[in-house]
Amino acid sequence: MAAKKPTDSRGAARSALSERTDAQTRKGIVELGARVVRQSLAETDPFVDVPLRSLSNTSFNARKRLLEMGDSTQRRNLFNTAQARKFMQTVLLSKGCKDLIEAGKTLSLRGMYYMSLHTIPGTREKTFEGQEESDGILEDIEVALEALRENLHLFAKKRGTMVGPITVRDNGDEIDCRRMGTGGYAIPSICEPGVVEFGKCDAKFVLHVEKDTVWSRFNEDRFWEKHNCILTEGSGQPPRGVRRLLWRLHHELKLPIYCLLDCDPWGHYIFSVIKQGSINLAFESSRLAIPDAKFLGIRAEDYERCELTDDVKIELNDRDIERAKQIAGYPWFVDKKPWQKEIQRMLRNGFKMEVESLITKDISYVTEEYVPARLKARDWLE
Amino acid sequence: MPTLVSSKDADVSDAKATAGKQPESRKPRGSTAEEMASGQREIAVSEFFAKNRHLLGFDNPRKALLTTVKEAVDNSLDACEEAGILPEITVEIGQKSETRFRVTIRDNGPGIVRRQIEHVFGRLLYGSKFHRLKMSRGQQGIGISAAGMYGLMTTGQPVVIVSKTGKQQPAHEVILKMDTSKNRADIVKETEHAEMDELFPQGHGTQVTIELEARYQKGRQSVDEYLEQTAIANPHACFAFIAPDATRLEFQRSVKELPPEAKEIKPHPRGIELGTLIQMIERTECRAIGSFLQEEFCRVSPSVTRAICDHAKVKNTTTIGRIGHAEAEAIFKAIQVVKIMAPPTDCLVPMGTKALLSGLLRGVRAEFFSASMRPADVYRGNPFQIEVGLAYGGELPKEEPARILRFANRVPLLYQQSACCSWKSVIDTNWRAYGLSQSRDSAPEGGLVVMIHMVSAWVPFTSESKEAIADYDEIRKEMKLALQEAGRKLGIYLKRRARMRHETDRRDIFERYIGEISKACEGITGTPAKKVFDALTRLAKTKTEQADQDLDDEGNVVEKKLEQDDNVVILAERIGAAEQAEAPTDLIPEVRPTKVSRPAAAKPKTPKRSTPPAAPAQTPTVPAPFRVKERKAPEGGLFEEGK
């Protein structure tokens, strides 16, 4: 089962592809740097154009059912007090990425942050005040160069787990996801073809749950075995790796995706991101968003339908209410009556519920009764 | 001697009338006019004031102490200046018991001749200043005797005076006890000393000691504040103050010339009221009305006399004895109509902007000072002149409302601020136009000291205790104009300071990142970092120089004006001193070595003080660094760059 392919062949398979993209990315960086140099030597105000990653520059493509990024760009000038620091960081991180590509190595986002972190000579100011600052700039570079994070030889912290009747080849190593014990297969940050390849798959669908704790419940009850499905988890808002993997399972293996998330604005937003894409990463929607994903629960009506006790109620606070109204107003929700009803019902309830609330009925209620019943009744939100 | 006449009951006639109508069994209430006459007698002024001491500023123990010191110091300064002596005044307050203090004020003035001592210190309304129109601190001749009287009343202790009029003269020590019913003083003891060099090293001077019920407290409206402000308004005087806790405070002289002597003037016809006019007519020695007008008033020429007389329909040769009430009233009305020149203003001796600035410099630790002086003007026939000074920034507290220092004839006014014309003029002025914040009907905010000085031969106080200047339209208008003139300069300064700060910050930011950018560019493209660095540095310069240019073109005109203005002083080393006290932000490097990435324009944000950190403004035991007309900070303050 877990037979390994010879190392050289997997190296060769990847290298041709990656060499091509590497050269392309490197070229983009050099062009960016050369432009700055050219502008400097000509003594004109140097700038970098970065596509805007904001709600205002994001639009919902109703036909493709995804979020897309618009054409607005933000010009980042050196000689503007508000932008000078970001300009410097952009150039600094571009150089870091070029060094990485040339060395043929990859780094985590945090590693990249440390690589470019130092105190500016003669001052007490650091190049970055924290990893968030560098992460934001790196996303800018991705967009500006039209290169993906993996093209820049960067990856994020691993998050998310998978188990189910499927065999994957990760960097050449064959992994049987049916035999992953209690821990499951840790979904890597980069799930591109060439790095992760799918082998034999018997699954009929994918069940994505919000968190690790719920995932463990399903795994222990061998839900995936009984129902012949792949079971994934994204530790809250799923990272790009998990979303990319779900996208590929859906598009390449034609598996429907069902999501089991909390009944709160946060859970609804996670679903929205999986289904339509996020504002921040709108430029990658076409390779991340799954417009056909389905929302299985928890539903606002479950409090009565499942006869839950008052103990599971968590009161909605002002921010939740505001957020819920905001979500209800998203163009991809606004025309969907069932969703409007769902959000209204939650607001009327005045409380939210976590998936774990079903455990108050019975330890295995969620795996043995709730999800099978929903699937059988084809009771979900699109 | 002015006296007040009263009967015990004002309603004498009423009492009589009712007595007649009610023949009751009760004893008739009223007394006869004869009986009442026995109760009607003269009241000595001193008795009146003894009962109404709040009118003179002795309302409470704390204020009594201040008023005592103030009256004595005012007298000393007046005497010294009149005698042409640079004043040196020592104030000592000793505490006898919890509420009893002994106040001693000593000056180096001309001294008082022996026979006048009991009059000057023992009688109310006795003095040289009331009957003349000449600018001086004292006016009525009430103050010091009232202080002595208050002391006697509260402690039973007499006033002790030591005075010496010259080197060869003996010093007289006189102990005086005031008799309030007679407005006279009795001499308790009298001693003659041959020499008293320990008290009067210059051979002349006066010392007065009064024991009184009082309370000593520092802070607002205290003796300390009074002396501090007096020192500001009298930079030619030096003061020493020994407080009850034996701490010694000294204010050194910062101007070595005495202010010029004020000229005495005759009253201006417009400043006279009808009653006064009639009184003057009764008393004059002139024989004809024409000569009376010309002799007794200023600015009345023969032609003006003719005009007045014509208008009043009297001949200007009419004998004075034949001018009755009707004629006097006609003349009075004529005076209001006929065109008369404004009174001469050489009777006014303002401090002058230079002395005013040096006074402020001595007492206020600010970074910017401006002063302005208005030409003399007239209210009700009295000439007056307004001068103001502004002090801004430096170590002044940033969050508090502006402090207003009010002066009349160089005397600080500490009470009744809101009743004072100067306060109203500050509120009336739109300080927002000069870059300060100001809420409705209040003083501007943020590190500002406003000094307003009115000089006049007759300052219109709202009460005898001389605490607030009456609100005449003419006075308020002049005050506002003066404040506006000084305020405009402050506005120019503040605008410039803000712009310089902004530009400095801007250049700082660019220069900080240029090194990083050029190194990264070398890493990406291989272009030598030095080349990019030099290009970007040049670019940064031109980018910010554009702003510098503005300074040079439009800004420089302003700047030259400010810097060459004799009425402005800028102390670069104190700029933003109040902000420096707070922790510097991370963006400001602590030490900035001269590196390649930091070209010549290195400007330390933390001021390097060459002078030792001086004592806080309240206790300047050492004279504050005194720098008039020093335009550049020695070590590259804000104002050096951009040139």
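What counts, and where the lines are drawn
- Residues numbered from 1 in each chain as written.
- Chains lettered and ligands numbered in written order.
- Predicted model: local features only at pLDDT ≥ 70, side-chain atom pairs only at ≥ 80, totals over all residues.
- Heavy atoms only, no water.
- Helix = DSSP H or I, 4+ residues; strand = E, 2+ residues; numbered from the N terminus.
- Buried < 20%, exposed > 50% of the residue type's maximum accessible area, 1.4 Å probe, protein only.
- Areas by Shrake-Rupley, 256 points an atom, 1.4 Å probe, with all protein chains shown as cover.
- Expected span 1.5 Å × (residues − 1).
- pLDDT = per-residue confidence, 0-100.
- Contact = heavy atoms within 4.5 Å.
- Salt bridge = Lys/Arg side-chain N within 4 Å of Asp/Glu carboxyl O.
- Phe/Tyr/Trp six-rings, centres within 6.5 Å; stacked < 30°, edge-to-face > 60°.
- Lys NZ or Arg CZ within 6 Å of the ring centre and 35° of its normal.
- Pairing = 2+ DSSP bridges.
- Axes fitted to C-alpha atoms, helices over the stretch in contact; angles between N-to-C directions.
- Buried area = accessible area lost by both parts, 1.4 Å probe.
- Polar contact = N/O pair within 3.5 Å; in protein donor to acceptor, adjacent residues only side chain to side chain.
- Core = buried A, V, L, I, M, F, W, Y, C linked by side-chain atoms within 4.5 Å.
- Parallel < 35°, antiparallel > 145°, perpendicular 65-115°, else oblique.
- Left-handed = near helix turned anticlockwise from the far one by under 90°.
- Nonpolar A, V, L, I, M, F, W, Y, C, P; charged D, E, K, R; others polar.
- Disulfide = S-S within 2.5 Å.

## Observations regarding the overall build of chain B
From N to C terminus, chain B includes 16 helices and 19 strands. Considering chain B as a whole, with its 643 residues, one finds that 52% of them fall into the buried category. Total accessible area on chain B stands at roughly 30200 Å², and carbon and sulfur atoms take up 50% of it.

## A closer look at helix α4 (residues 61-83) of chain B
Residues and elements named next belong to chain B. Given a rise of 1.5 Å per residue, 23 residues ought to cover 33 Å, and the 33 Å separating the end C-alpha atoms of α4 matches this to within 8%. For α4, the tally of buried residues reaches 18 of 23 residues, placing the bulk of the element in the interior. One or two positions beyond α4, positive phi appears at Gly84, with a value near 75 degrees.

## Side note on the confidence of the model for chain B
Residue and element names in this part refer to chain B. Residue-level pLDDT values for chain B average 78, and 79% of them are 70 or greater. A low-confidence stretch, residues 1-24 (pLDDT under 50), is modelled with 18 contacts involving residues beyond four sequence positions or located in other chains. Note that pLDDT drops below 50 for residues 549-559; the model gives that stretch 12 contacts with residues more than four away or on any other chain.

## What to know about the pattern of salt bridges
All names here are of chain A. What the rule picks out here adds up to 64 salt bridges over all chains. Between Arg287 and Glu150 there is a salt bridge, and its shortest N-O distance comes to 3.5 Å. Highlighted residues: Arg287 in helix α9 (residues 285-288) and Glu150 in the loop between α4 (131-145) and β6 (154-155), separated in sequence by 137 residues. Summarising the burial analysis for this pair, Arg287 and Glu150 share the class buried. Asp310 is the salt-bridge partner of Lys313, the closest N and O atoms lying 3.3 Å from each other. Residue Lys313 is classed as partly exposed on the basis of its relative accessible area of 34%. Here Asp310 falls in the partly exposed class, since its relative accessible area comes to 48%. Among the charged side chains, a network of salt bridges with common partners joins Glu142, Glu150, Glu192, Arg240, Arg244, Glu284 and Arg287.

## Focus on the side chain of Gln39(A)
By secondary structure assignment, the location of Gln39(A) is in helix α1 (residues 7-41). Excluding residues that lie within four positions of it along the chain, Gln39(A) makes contacts with Thr44(A), Asp45(A), Pro46(A) and Phe47(A).

## What to know about the packing of aromatic side chains
All names here are of chain A. Applying the stated criterion across every chain, the model contains 21 aromatic pairs over all chains. Arranged with centres 5.0 Å apart and planes meeting at 90 degrees, the rings of Phe218 and Phe223 form a pair that is edge-to-face. For Phe218, a relative accessible area of 0% translates into the label buried. Clustering of aromatic rings is evident, with ring pairs tying together Phe60, Tyr269, Tyr330 and Trp332. The ring of Tyr269 has Arg323 lying over it, and the distance from NZ or CZ to the ring centre is 4.7 Å. The ring of Tyr365 has Lys361 sitting right over it, with the charged end atom 5.6 Å from the ring centre.

## Describing the sheet that holds strand β10 (residues 248-251) of chain B
Residues and elements named next belong to chain B. In spatial order, the strands read β7-β6-β5-β8-β4-β3-β9-β10; together these eight strands make up an open sheet with mixed pairing. Looking at the sheet topology across the chains shown, the edges are occupied by β7 (184-193) and β10. Going across the sheet, the axis of each strand differs from the next one's by a mean of 15 degrees, ignoring polarity. Note: strand β5 (residues 159-164) against strand β8 (residues 205-213), five bridges, orientation antiparallel.

## Topic: the pairing of strand β1 (residues 47-51) of chain A
Residues and elements named next belong to chain A. Across the five residues of β1, four count as buried, placing the element largely inside the fold. Note that β1 and strand β4 (residues 73-77) share five bridges and pair antiparallel. Looking at the pairing, Val48 lines up with Arg76 of β4.

## Details of the interface of chain B and chain A
Interface size, as often reported, equals the accessible area lost upon joining of the parts. Chain B puts 32 residues into the contact, and the matching count from chain A is 33 residues. Interface area lost by chain B to chain A is led by Tyr513(B), Glu516(B) and Ile524(B), which between them contribute 24%. Taken together, chain B and chain A are joined by two salt bridges. Where chain B touches chain A, the interface holds six residue pairs in polar contact (both at pLDDT 80 or more). Among the elements of the structure, α14 (473-525) and α15 (529-564) of chain B are those that each provide at least two residues to the side of chain B that touches chain A.

## A short note on the side chain of Arg114(B)
Tracing the backbone through its elements, the reader meets Arg114(B) in helix α5 (residues 114-122). In this structure the side chain of Arg114(B) is engaged in a polar contact, spanning 2.5 Å, whose partner is the side chain of Glu190(B).

## Looking at helix α8 (residues 265-276) of chain A
Residues and elements named next belong to chain A. With 12 residues, α8 extends 16 Å between its outermost C-alpha atoms, agreeing within 8% with the 16 Å of an ideal straight helix rising 1.5 Å per residue. Burial analysis of α8 places 11 of its 12 residues in the buried class, which makes it a mostly covered element. Along α8, the positions that sit buried rather than exposed are Pro265, Gly267, His268, Tyr269, Ile270, Phe271, Ser272, Val273, Ile274, Lys275 and Gln276. Immediately downstream of α8, the backbone of Gly277 shows phi near 105 degrees, a positive value.

## Comments concerning the nonpolar core
Core analysis: the biggest nonpolar cluster contains 76 residues, and Met162(A), Leu207(A), Phe218(A), Leu260(A) and Val371(A) have the highest contact counts within it. Sequence-distant contacts of Val371(A), that is, excluding residues within four places in its chain, are made with Leu207(A), Phe218(A), Phe223(A), Leu260(A), Leu296(A) and Val366(A). Residues Ala147(B), Val208(B), Leu227(B) and Ala237(B) belong to the second largest nonpolar core, which totals 49 residues.

## A look at the sheet that holds strand β12 (residues 205-209) of chain A
Residue and element names in this part refer to chain A. Sheet architecture is open: six strands sit in the order β10-β7-β13-β12-β14-β15, paired in mixed fashion. Since the sheet does not close on itself, it has two edges, and those belong to β10 (185-186) and β15 (294-297), each with one partner. Bridging between β12 and strand β14 (residues 257-260) involves four bridges; their strand directions are parallel. What sits directly across from Val209, in β14, is Leu260. Packed onto the sheet, helix α5 (residues 212-220) meets β7 (161-163), β12, β13 (229-233) and β14 and runs at close to 155 degrees relative to β13.

## Focus: the packing of helix α2 (residues 84-103) of chain A against α14(B)
The geometry of a pair of packed helices is captured by two quantities: the angle between their axes and the separation between those axes. Remark: α2(A) packs on α14(B), axes separated minimally by 9 Å, with the N-to-C direction vectors making an angle of 20 degrees. Classified by the interaxial angle, the pair formed by α2(A) and α14(B) is roughly parallel. The interaxial crossing formed by α2(A) with α14(B) has left-handed handedness. Residues Ala84(A), Arg85(A), Phe87(A), Met88(A), Val91(A), Leu92(A), Ser94(A), Lys95(A) and Lys98(A) of α2(A) pack against Ile509(B), Phe510(B), Tyr513(B), Glu516(B), Ile517(B), Ala520(B), Cys521(B), Gly523(B) and Ile524(B) of α14(B). Within the contact of α2(A) with α14(B), the residues separate by chemical class into 12 nonpolar, two polar and four charged.

## Points about the environment of Ile175(A)
All names here are of chain A. Looking at the element boundaries, Ile175 is found in strand β9 (residues 173-176). With 24 residues separating them in the primary sequence, Ile175 and Gly199 have C-alpha atoms 9.1 Å apart. Leave out the neighbours within four places in its chain, and Ile175 touches Ile166, Thr167, Val168, Asp170, Met180 and Tyr185.

## Observations concerning the state of the cysteines
All names here are of chain B. Scanning the model with the defined rule gives zero disulfides over all chains in all. Here Cys80 is not cross-linked by a disulfide; its sulfur's nearest cysteine counterpart is in Cys238, at 10.0 Å. We note that Cys298 lacks a disulfide partner, and the nearest cysteine sulfur, in Cys347, lies 8.2 Å from it.

## What to know about unusual backbone geometry
All names here are of chain A. Note that the residue after Gly297, namely Ile298, is joined by a cis bond; omega there is -5 degrees. Along the chain, the position of Ile298 falls in the loop between β15 and α10 (302-305). For Arg65, which is not glycine, the phi dihedral falls at a positive 55 degrees. One non-glycine residue, His153, adopts positive backbone phi at about 65 degrees.

## A word on the confidence of the model for chain A
For chain A, the mean per-residue pLDDT works out to 87, and 96% of the residues sit at or above 70. This stretch, residues 1-13 of chain A, has a pLDDT under 50; its non-local contacts, to residues over four places away or in other chains, come to 10 contacts.

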